[in-house]
There are 2 protein chains.
Amino acid sequence: MSKITIQEIAILAGVNKATVSRVINGNRNISEKTRKKVEDIMKQYNYVPNSIARGLATNKTFTVGFCFDYTNKQAYANPFFYKVLQGIEEVVYDRDHMFLMMSDHDGKSDRSTFERVVVEHRVDGVIIPNTLLNERNYELLAKHNMPFVVSGENTLPQVDVPWVDIDNVQAGRVLTEHLLNLGCRSIMIYAGGSAALRDKFLSDRLTGYREAMRQHHLEAQVIEHADLLKSFHDPQEYASEGQRPDALICCTHEQLFEILDWENGNPLLAELALATFDSFPMSKYLKYPVHFVEIDLEMMGKQAAQMLFSLMNKEPGVPPSISIRTQIGK
Amino acid sequence: MSKITIQEIAILAGVNKATVSRVINGNRNISEKTRKKVEDIMKQYNYVPNSIARGLATNKTFTVGFCFDYTNKQAYANPFFYKVLQGIEEVVYDRDHMFLMMSDHDGKSDRSTFERVVVEHRVDGVIIPNTLLNERNYELLAKHNMPFVVSGENTLPQVDVPWVDIDNVQAGRVLTEHLLNLGCRSIMIYAGGSAALRDKFLSDRLTGYREAMRQHHLEAQVIEHADLLKSFHDPQEYASEGQRPDALICCTHEQLFEILDWENGNPLLAELALATFDSFPMSKYLKYPVHFVEIDLEMMGKQAAQMLFSLMNKEPGVPPSISIRTQIGK
DNA sequence: ATGAAAGCGCTAACAA
DNA sequence: TTGTTAGCGCTTTCAT
């Protein structure tokens, strides 16, 4: 219904449309009198500038994109994931932009929606998860020189890209210290061997754990294979361990679930403090209580968006990356 | 980088840009020869039409919006909620449109982002959750005659709006029948009194349960207050019940959690088949197994999007609403 | 079947 | 400080 255009406003205000345009864009070279007059008319007629036309004239879209990785169950296993979107949205709309969603699993089309958005320049900048930032996508963004921020630490070794992520080292430290404060002294960490080498977020959590343990002059006990844990089933092996383990940190939910699957078979489980990263609902309804660090996903979204705007505006001194601190949950 | 315009393509192909435009839009009034020629040039130069310019000329945005209700914890308690988005996205991009996100919790701005998107005509149509479709928003959409579809059954009594929702009656029936098939005969349903009256999805589930029970000539046992359940704590009351309850359907997760909170205190819990609606991860790690109906959220998103396109294209015979069937999970 | 030209609503030199 | 005038890239009559 907002059919009224800048031209009509101009006529109604008795000025040229260029003048109205200047008012809209907050140009300072305008007399207080005409500014007031134009603003009154605009308000009176509920004038809303047509952003499409604006975009055509300025070669901007006033839109920021977010690339969803629907294949990444890991991400959505966290039901609070939408908080990231909320954080982004808040910043994006605060800056008078829109928020476009896309993904990179190509459907029937020859181009993924992500590719289309970039190629068609439907956004002025984009936030992409590290799981989706492969060389191909990086090239694409670079070729179209589209500003972008990676959510999750950069996993492309060959290039330097701006990213925002949870501070996993700090998270590992905090969680370990929490257990130490609870009185635990023999804290194991389950960090599944090969995965820990491949995924930086895992090795970072491990690093945090090691730091905290060293600081308390305790020995790190890293479990690399589930088999090692299963040996605790055997009361004899169990006893042979010099010190009786009193806590177990699982680096991922999957690992936690593995442990929980022991069911009643393991005598150790009942007296073991379990801990993991990232909260989830119903944790209190699990068979055993689980300690965890809470991640401020909304903040992560906000930071990513703010970083993106800085990049889009070519602001100087944009940090190459941002790490978000965590704290013990609940 | 796709700086090449329709004009340049026209020159390269030795035709007028109107001809190129016709090729782009699949106009039939074109010789096979020139069409081929133009298409070759377009491909050769990786020409991508500027959708902003297209939008300006046609007064369209080629964009569909989705309004997020960030305040609705209920929705996001379901970690598979993102499947709805995936379903929508698939359809939207399939039809060469973009997918915009917005919300209706006004931040600092005087207008919610939802309102801004509508007023600024940033989308050609929008999907809005029923929790957000109040009179104000309805008026807004109507005033700007913006096509829309409600996700979740319509809760505005005074108006008729197109909606897509889970078939909760059928879900109630299916879940009850599943328990019956398992051999349960005394099936209770916990349907929290006032809430069941207020929320249609609750009363629908109840209806489905009643239908199934009636069909099997069994008596419906509706628990309206948690107190009634607690009485089962008492072995005496327990015995006085003519028939020993063997199953309990919880209408919501919250109710299920209430029950689970009984912990070890209740002798009934261990021998009671628990059931609820809507799946969730980790259900297998709960203290007791829980039966549930699975909801095809992706389908829900797809249907909503398809319905919206039908509306946008003013197709005849668009159904007033769509109910999605469910099935027993896992 | 194709071309010419007017516009979509706005911005941004350049003038005045 | 304000007005004039080109565009931005595309669609769409209206001619031919």
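Here the structure is a predicted model, which means the values were calculated and not measured.

**Q** Just checking my understanding: could you explain the protein's contact with DNA strand C for this structure?
**A** In the region of DNA strand C, 26 residues are neighbours, and A:Ile6, A:Lys17, A:Ser21, A:Tyr47 and B:Arg22 sit closest. One of the side-chain N or O atoms of A:Ser21 is found 2.6 Å from a phosphate oxygen in DNA strand C. Taking A:Asn25, its side chain carries an N or O atom lying 3.1 Å from a phosphate oxygen of DNA strand C. The set of elements that each furnish at least two residues to the surface near DNA strand C consists of helix H2 (17-24) and helix H4 (51-58) of chain A together with helix H2 (17-24) and helix H4 (51-58) of chain B. For the surface near DNA strand C, a count of residues per class yields 11 nonpolar, 11 polar and four charged.

**Q** How should I be thinking about the UniProt feature "domain: HTH cro/C1-type" (unreviewed entry) in chain A in this particular structure?
**A** Per the UniProt record, "domain: HTH cro/C1-type" (unreviewed entry) is found at residues 3-48 of chain A. Span residues 3-48 of chain A is 63% helix and 0% strand, its end C-alpha atoms 9 Å apart.

**Q** How do you make sense of the protein's contact with DNA strand D when you look at a structure like this?
**A** A:Asn16, A:Arg22, B:Ile6, B:Lys17 and B:Tyr47 are the nearest of the 27 residues found near DNA strand D. Sugar plus phosphate, as a fraction of atoms of DNA strand D within 4 Å of the protein: 57%. A:Thr19 has a polar side-chain atom sitting 2.6 Å from a phosphate oxygen of DNA strand D. Taking B:Ser21, its side chain carries an N or O atom lying 2.7 Å from a phosphate oxygen of DNA strand D. Here the surface near DNA strand D is built from residues that sort into 11 nonpolar, 11 polar and five charged.

**Q** Honestly, the UniProt feature "domain: HTH lacI-type" (unreviewed entry) in chain A in this entry has me stumped. Any pointers?
**A** On the UniProt side, "domain: HTH lacI-type" (unreviewed entry) is annotated at positions that read residues 4-58 of chain A here. Within residues 4-58 of chain A, the helical portion is 67% and the strand portion 0%, while the C-alpha atoms at the span's ends are 21 Å from each other.

**Q** Which parts of the structure should I look at to understand the sheet that holds strand S9 (residues 273-277) of chain B?
**A** Sheets are built from strands that pair by backbone hydrogen bonding, the pairs being arranged parallel or antiparallel. Residue and element names in this part refer to chain B. On the basis of which strands lie adjacent, the open sheet formed by six strands has the order S7-S6-S8-S9-S10-S12 and mixed pairing. In this open sheet, the two strands that pair with only one neighbour each are strand S7 (221-223) and strand S12 (327-328). Bridge analysis of strand S6 (residues 187-190) against strand S8 (residues 247-250) gives four bridges, and the strand direction is parallel. Opposite Tyr190, over in S8, you have Cys250 as the bridge partner. The sheet strands contacting helix H14 (residues 253-260) are S6, S8, S9 and strand S10 (290-294), and the helix crosses S9 at an angle near 155°.

**Q** Honestly, the pairing of strand S1 (residues 63-68) of chain B in this entry has me stumped. Any pointers?
**A** On a regular strand, each side chain points to the face opposite its neighbour's, so the side chains alternate between the two faces of the sheet. All names here are of chain B. Where burial is concerned, most of S1 is hidden: six out of the six residues are buried. Burial of S1 is two-sided: the residues Thr63, Gly65 and Cys67 facing one way and the residues Val64, Phe66 and Phe68 facing the other way are all buried. Of the pairings in the sheet, the one linking S1 to strand S2 (residues 98-103) comprises six bridges and is parallel in character. Pairing of Gly65 across the sheet is with Leu100, part of S2. Where S1 meets strand S3 (residues 125-129), three bridges bridge the pair, whose relative direction is parallel. Within S3, the position partnered with Gly65 by the bridge is Val126.

**Q** So what exactly am I meant to see when it comes to the sheet that holds strand S11 (residues 321-324) of chain B here?
**A** A sheet is described by the order of its strands in space; here 12 strands give the open sequence S11(A)-S5(A)-S4(A)-S3(A)-S1(A)-S2(A)-S2(B)-S1(B)-S3(B)-S4(B)-S5(B)-S11(B), paired in mixed fashion. The open sheet is flanked by strand S11 (321-324) of chain A together with S11 of chain B, the only strands paired with a single partner. The mean angle between the axes of side-by-side strands here comes to 20°, regardless of whether they run parallel or antiparallel. Summarising the sheet, strand S4 (residues 148-151) of chain A and strand S5 (residues 163-166) of chain A pair through two bridges and their orientation is parallel. Across the sheet, A:Val150 pairs through a bridge with A:Trp163, a residue of S5(A).

**Q** Sorry, what's going on with the pattern of salt bridges here?
**A** Any two side chains of opposite charge can pair if their charged atoms end up close together. Taken as a whole and judged by the stated rule, the model has 20 salt bridges over all chains. Of the charged contacts in the structure, one is a salt bridge between A:Arg35 and A:Glu39, with a shortest N-O distance of 3.9 Å. Here the residue A:Arg35 and the residue A:Glu39 both occupy positions in helix H3 (residues 32-44), the gap between them amounting to four residues, near one helical turn. Owing to a relative accessible area of 14%, A:Arg35 belongs among the buried residues under this scheme. For A:Glu39, a relative accessible area of 33% translates into the label partly exposed. The salt bridge partner of A:Glu120 is A:Arg116, with a shortest N-O separation of 3.3 Å. You'll find A:Glu120 and A:Arg116 in the same group, each marked buried. If you follow the salt bridges from partner to partner, you end up with A:Asp96, B:Arg116 and B:Glu120 in one network.

**Q** I keep staring at H2(A) and nothing clicks. Help me out?
**A** Side chains of residues three or four places apart in an α-helix project in the same direction, reflecting 3.6 residues per turn. All names here are of chain A. Taken as a whole, H2 has its buried residues at Thr19, Val20 and Val23. Seen along its axis, H2 keeps its buried residues to an arc of 100°; they face one direction. Next to the buried residues of H2 lie helix H1 (6-13) and H3. Where H2 begins, the capping side chain belongs to Asn16, and its oxygen is found 2.7 Å from the backbone nitrogen of Ala18. In the stretch just after H2, Gly26 is the one whose phi turns positive, near 65°.

**Q** Any chance you could explain the packing of H4(A) against H4(B) here in plain terms?
**A** Two packed helices can be described by the angle between their axes and the distance between those axes. For the pair H4(A) and H4(B), interaxial distance at closest approach is 9 Å and the crossing angle is 135°. With respect to H4(B), the element H4(A) is oriented oblique. Handedness of the H4(A)/H4(B) crossing: left-handed. Of the residues in H4(B), those in contact with A:Ile52, A:Ala53, A:Gly55 and A:Leu56 of H4(A) are B:Ile52, B:Ala53, B:Gly55 and B:Leu56. Of the residues assigned to the contact of H4(A) with H4(B), the class counts are six nonpolar, two polar and no charged.

**Q** Just to check I follow, could you spell out the packing of aromatic side chains for this structure?
**A** Each aromatic ring pair is specified by the distance between its two centres and by the angle formed by the two planes. Going through the model one piece at a time under the given rule, you end up with 12 aromatic pairs over all chains. Seen from their ring centres, A:Tyr82 and B:Tyr70 are 6.4 Å apart, and the 20° between their planes marks the pair as stacked. Taken together, the positions of A:Tyr82 in helix H6 (residues 82-94) and B:Tyr70 in the loop between S1 and helix H5 (73-77) put the pair across two chains. Both residues of the pair, A:Tyr82 and B:Tyr70, count as buried. Ring centres of B:Phe68 and B:Phe81 lie 5.7 Å apart, and the angle between their planes is 85°; on these two criteria the pair is classed as edge-to-face. Placement of the pair is B:Phe68 in strand S1 and B:Phe81 in the loop between H5 and helix H6 (82-94), with a sequence separation of 13 residues. B:Phe81 carries the same exposure label as B:Phe68, and that label is buried. Aromatic rings pair up to connect A:Phe66, A:Phe68, A:Tyr70, A:Phe81, A:Phe99 and B:Tyr82 into one cluster.

**Q** Help me out: how do you make sense of the side chain of B:Asn130 in this one?
**A** Residue and element names in this part refer to chain B. By the element assignment, Asn130 lies in the loop between S3 and helix H8 (135-143). A polar contact is formed between the side chain of Asn130 and the backbone oxygen of Glu153, at a distance of 3.0 Å. Sequence-distant contacts of Asn130, that is, excluding residues within four places in its chain, are made with Val150, Ser151, Gly152, Glu153 and Thr155.

Conventions we followed
- Residues numbered from 1 in each chain as written.
- Chains lettered and ligands numbered in written order.
- Predicted model: local features only at pLDDT ≥ 70, side-chain atom pairs only at ≥ 80, totals over all residues.
- Heavy atoms only, no water.
- Near = heavy atom within 4 Å.
- Polar contact = N/O pair within 3.5 Å; in protein donor to acceptor, adjacent residues only side chain to side chain.
- Helix = DSSP H or I, 4+ residues; strand = E, 2+ residues; numbered from the N terminus.
- Nonpolar A, V, L, I, M, F, W, Y, C, P; charged D, E, K, R; others polar.
- UniProt positions renumbered as here; feature names shortened; annotations may be inferred.
- Pairing = 2+ DSSP bridges.
- Contact = heavy atoms within 4.5 Å.
- Axes fitted to C-alpha atoms, helices over the stretch in contact; angles between N-to-C directions.
- Buried < 20%, exposed > 50% of the residue type's maximum accessible area, 1.4 Å probe, protein only.
- Salt bridge = Lys/Arg side-chain N within 4 Å of Asp/Glu carboxyl O.
- Arc of directions from axis to C-beta.
- Parallel < 35°, antiparallel > 145°, perpendicular 65-115°, else oblique.
- Left-handed = near helix turned anticlockwise from the far one by under 90°.
- Phe/Tyr/Trp six-rings, centres within 6.5 Å; stacked < 30°, edge-to-face > 60°.

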